[in-house]
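Structural overview for review
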Amino acid sequence: MAATVETSLPAEIDSARCGTEEEENRGLEMEEKSQQQTGSTGPTVPHSRLSKLPLARIKALMKTDPDVSLASQESVFIIAKATELFVEMIAKDALVYAQQGKRKTLQRKDLDNAIEAIDEFAFLEGTLD
């Protein structure tokens, strides 16, 4: 099971990247072209290439829960992807507060403001104290 998630980032964040995503996209395009030429079907991209977080570390964190004895590759990948999306969402919301303060760097107070202002983050209130 392979899934890709496309997200758009503000120009400031997107320009800060060093081209690694472009190189990865080119590599995936080349792989797709070679698959088309050879006639193979289905994605052969491992989950680790689709996730920006280390899957081994996430699996280890999942196993620290006494209720979790085994964790499949798919479940680890889904947790990693959900974590990426969560971090991206809170970072974008905090970026709004940083931009209001005419800053490009996120600070703790920006995260605090985002947590206080958005109901979805209510469970995080008091965690940065």
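Residues numbered from 1 in each chain as written. Predicted model: local features only at pLDDT ≥ 70, side-chain atom pairs only at ≥ 80, totals over all residues. Heavy atoms only, no water.

This is how the line gets drawn: UniProt positions are given in the numbering used here, feature names are shortened, and annotations may be inferred rather than shown by experiment.
If you look the chain up in an unreviewed UniProt entry, it shows as DNA polymerase epsilon subunit 4 from Cyprinodon variegatus. According to the UniProt record, the Subunit (unreviewed entry) comment for the chain reads "Component of the DNA polymerase epsilon complex consisting of four subunits: the catalytic subunit POLE and the accessory subunits POLE2, POLE3 and POLE4. Interaction with POLE3 is a prerequisite for further binding with POLE and POLE2." Listed in UniProt under the heading Function (unreviewed entry), the comment for the chain reads: "Accessory component of the DNA polymerase epsilon complex. Participates in DNA repair and in chromosomal DNA replication."

**A word on unusual backbone geometry**
Rules: Each helix corresponds to a stretch of at least 4 residues labelled H or I by DSSP, and each strand to a stretch of at least 2 residues labelled E; elements are numbered beginning at the N terminus. Think of it in three bands: residues with accessible area under 20% of the maximum for their type are buried, residues over 50% are exposed, and the middle band is partly exposed, with areas taken using a 1.4 Å probe on protein chains only.
The phi dihedral of Lys102 is positive, around 55°, even though this residue is not glycine. Mapped onto the secondary structure, Lys102 falls in the loop between helix H5 (73–100) and helix H6 (108–117). Accessibility expressed as a relative area gives 77% for Lys102, which makes it exposed.

**Observations concerning the environment of Ser72**
Following the sequence through the fold, Ser72 ends up in the loop between helix H4 (55–63) and H5. Placed 13 residues apart in sequence, Ser72 and Lys59 show a C-alpha to C-alpha distance of 8.8 Å.

**Notes on the pattern of salt bridges**
Note the following rule: Salt-bridge detection follows one rule: a side-chain nitrogen of Lys or Arg within 4 Å of a carboxyl oxygen of Asp or Glu.
Within this structure, the stated rule accounts for 3 salt bridges. A salt bridge links Arg103 to Asp110; its shortest N-O distance comes to 2.8 Å.

**Details of the side chain of Ser51**
Convention followed: Any pair of nitrogen or oxygen atoms within 3.5 Å is treated as a polar contact; in protein, a donor-acceptor pairing is required on top of that, and neighbouring residues in sequence qualify only through side-chain atoms on both sides. It only takes one pair of heavy atoms within 4.5 Å for two residues to be counted as in contact.
Relative to the helices and strands, Ser51 resides in the loop between helix H3 (47–50) and H4. For Ser51, a relative accessible area of 9% corresponds to the buried category. Engagement of the side chain of Ser51 in a polar contact is seen with the backbone oxygen of Leu53, the distance being 3.2 Å. Here Glu84 takes part through its side chain, which lies 3.0 Å from a polar atom of the side chain of Ser51. Setting aside chain neighbours within four positions, we find Ser51 in contact with Phe77, Ala80 and Glu84.

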